[in-house]
Every structure is written in structure tokens, then in C-alpha cells.
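# What the coordinates show
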Amino acid sequence: MSYEDQRVFDWAIDTHGHLGQLGGLPQKALERQLCTLSMEQLDRDYRQAGVRAAMASSMESLFYVDNMGVREGNLHLEQLAFETDWLYQWVVVNPLEPDSFYEAERILANPKCVGVKVHPEAHRFSVKEYGDELFAFCHQHRAIMQIHSGESRSMPEELVPFADRYPQVTVIAAHLGCGSDGDPGHQVRAIKACRNGNIYTDVSSVKSILPGILEWAVEQIGPERILFGTDTPLHHIGMMRARVTDSRLTSQQKRMILQENAIRLFRLKIV
């Protein structure tokens, strides 16, 4: 890697992370322990990987851990984002809990909130049934939506009709390569099918380790609608960063994924 390349990759923006404790069954206690990072550990790992800004949603808001639900998790993360210069918030909305929309409406006015996080699998609802409600809410509040995608309730192709119906809503179909049916191409096909160019994806899936998937995705859709994400603490930050830095993409394509697309989309001022 040349000196110029090294300078390009000195830093990145993580658009897909989490804070809090992993939910799950009691028999997953060790996994939960291993996937729990303190703010001090997270800060250290981000600095080591050259990540200057991170956008996170609350694990507790998604998985109802230790008697904390959507509201409690959102409020806790709101406070952490206020106290931490590099941390931004995705506010979690669950359409099965109408009050979560009211709380999100308030938090979205916070300059440290970057948009709405939706997780059909964790909250057990389908995109087909609640897509209009979610897209209409984001349209009303000019909010970007990040949605877990690739499983039975959240196939990326199901987002396309809503994205076409709401062209002003940018939606990130998270987890490039994730497909519960074993097909790693769902996110890419959804982006190609979308008429308005308002569907993005990110590289936060464990499927990113497939040796050709990132390169294939860039061949299919270009680098403009691919964002860097780690899904921390579920995945190791440095490993996810290395997958982009050490890929076969050009320096400009890497720079777009690691930095430039997020700066443009979220109108960030990162120095």
C-alpha cells in the first residue's frame, strides 16, 4: 500500500453499530458476555481501527434486555450520544408500539440523531405489512431509515415498492450479503430494481468475509450506495474495517465506502 493510500484509509465512519447488551436465551450467556463492550473498550477499538465517528442503535431497544425496552434503550443512547463527541444515534422505532413514534419524533430533532432504526426480525413484524407506516413517518420527518434486511420478514426486495412510492426517503437495507435463504444477492438486486436510487446498503454483514462479495457488489451497483458498517459488538471492528481496506477495490472506491458516502448522505462535518 502506497503512502497516499495509507493516508486515504487513516479513518472511517461506522454507520452501523450497536451499544448495550446482546439479547437472547439463557444458554447464550457466554456469547452475550463476549459481545458486550464498555464505552471505554468501544472507544479504544474504534481509535485502533481509525474510526472517527460511529452511528449506533440500542441493543436494549431491539432485544428488550434486562427489563429495558424501546423507550428506555433510546433514552439511554440519547444521553450517551450527548456525552460522546464521536457517537451518533439511530433512534429505534417499533410499529407494534405506537408510542415509539412519539419518542422518535422528539429524538429526531436532536442534532446527534441521524435517523430511524427498524428491525422487523427482532420486533417480529413484516415489511410488507408496516412498510407504508414506516416510510410515511420517515417522509414526514425527513429521516433516513436503516433497516435490518435479508431475513424472512425483511427481504430487501420488499422495500422496493415503498422506496419507489416515497422517493424522498433514503433507506439503508443493511447487511450486504445477508440472506436467510442462502442467497447473498438480495440487497444488490433491490438497489438495482429501485427507480429512484434511494436504497443503500452497508457492509455490516458477516457475509462481508466472502472473498468476492464486496467487489461483486461494486461491479453491479457501483460504490456510491454502499456504506461502511461493523455491526459492533457482534463483529470485530478491525476485521470489518480490514475487509474494505484490503479489498480489491480502487483507492477511490474504498474512500467512498469508508468516508465519502456517509459524509454526503448524513451531511457530516468530520475533520
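First things first, this report covers the structure right here in the doc. (Residues numbered from 1 in each chain as written. Predicted model: local features only at pLDDT ≥ 70, side-chain atom pairs only at ≥ 80, totals over all residues. Heavy atoms only, no water.)

### Regarding the packing of aromatic side chains
For clarity, the threshold we go by: For Phe, Tyr and Trp, rings pair up if their centres lie within 6.5 Å, where Trp contributes its six-membered ring, and each pair is then called stacked (planes under 30 degrees apart), edge-to-face (over 60) or tilted (otherwise). Secondary structure elements are defined from DSSP: runs of H or I of at least 4 residues count as helices, runs of E of at least 2 residues count as strands, and each element is numbered from the N terminus. Any residue under 20% of the maximum accessible area for its type is buried, any over 50% is exposed, and the rest in between are partly exposed; the area is computed with a 1.4 Å probe on protein chains only. Two thresholds decide whether a charge sits over a ring: the Lys NZ or Arg CZ must be within 6 Å of the ring centre and within 35 degrees of the ring normal.
Tallied over the full model, the rule gives six aromatic pairs. Their ring planes at 25 degrees and their centres at 5.8 Å tell us that Phe135 and Phe162 sit as a pair that is stacked. Separated by 27 residues along the polypeptide, Phe135 in helix α8 (residues 127-141) and Phe162 in helix α9 (residues 160-165) bring together distant segments of the chain. By relative accessible area, Phe135 is classed as buried at 1%. The structure contains a cluster of three or more aromatic residues connected by ring pairs, namely Phe135, Phe162 and Tyr166. A cation sits over an aromatic face here: Lys112 above Tyr88, 5.0 Å from the ring centre.

### Focus on a nonpolar patch on the surface
To keep things clear, this is the line we draw: Residues forming no salt bridge and having over 30% relative accessible area are the ones grouped into patches, like charges within 9 Å of each other and nonpolar side chains (Val, Leu, Ile, Met, Phe, Trp, Tyr) within 5 Å. Calculation of accessible area relied on Shrake-Rupley with a 1.4 Å probe; when residues are assessed, cover is drawn exclusively from the protein chains displayed. Think of a salt bridge as a Lys or Arg side-chain nitrogen and an Asp or Glu carboxyl oxygen that are within 4 Å of each other.
Together, Val206, Ile209 and Met239 make up a nonpolar patch on the protein surface, roughly 260 Å² of accessible area in all. Within the fold, Ile209 resides in the loop between β7 (199-202) and α11 (213-221).

### Brief notes about the packing of helix α10 (residues 186-193) against α11
We count it as follows: Axis angles are defined between N-to-C directions and span 0 to 180 degrees, where every axis is a line fitted to C-alpha atoms and, for a helix, only to the segment in contact. What sets the label is the angle itself: under 35 degrees gives roughly parallel, over 145 gives roughly antiparallel, 65 to 115 gives roughly perpendicular, and the rest give oblique. Any two residues having at least one pair of non-hydrogen atoms within 4.5 Å are treated as being in contact. Throughout, the ten residues Ala, Val, Leu, Ile, Met, Phe, Trp, Tyr, Cys and Pro are labelled nonpolar, Asp, Glu, Lys and Arg are labelled charged, and all others, Gly among them, are labelled polar.
Interaxial distance between α10 and α11 falls to 10 Å at its minimum, and their mutual angle equals 10 degrees. Taken as axis vectors, α10 and α11 run roughly parallel relative to one another. For the pair α10 and α11, the contacting residues are Val188, Ile191 and Lys192 in the first and Trp216, Ala217, Gln220 and Ile221 in the second. Of the residues assigned to the contact of α10 with α11, the class counts are five nonpolar, one polar and one charged.

### What to know about the side chain of His16
Its location among the elements puts His16 in strand β1 (residues 12-19). Overall, the relative accessible area of 0% leaves His16 in the buried class. Apart from the residues within four sequence positions on either side, His16 is in contact with Met55, Lys117, Gln146, Ala174, His175, Asp202, Ser204, Phe228, Gly229, Thr230, Asp231 and Thr232.

### Some details on the pattern of salt bridges
Scanning the entire structure with this criterion turns up 13 salt bridges. Residue Arg189 is joined to Glu157 by a salt bridge in which the shortest nitrogen-to-oxygen separation is 3.5 Å. Taken together, the residues Arg189 in helix α10 and Glu157 in the loop between β5 (144-147) and α9 connect sequence positions 32 residues apart. Owing to a relative accessible area of 37%, Arg189 belongs among the partly exposed residues under this scheme. Between Arg243 and Glu215 there is a salt bridge, and its shortest N-O distance comes to 2.9 Å. Of this pair, Arg243 sits in helix α12 (residues 237-245) while Glu215 sits in helix α11; the two residues are 28 residues apart in sequence, bridging distant segments of the chain.

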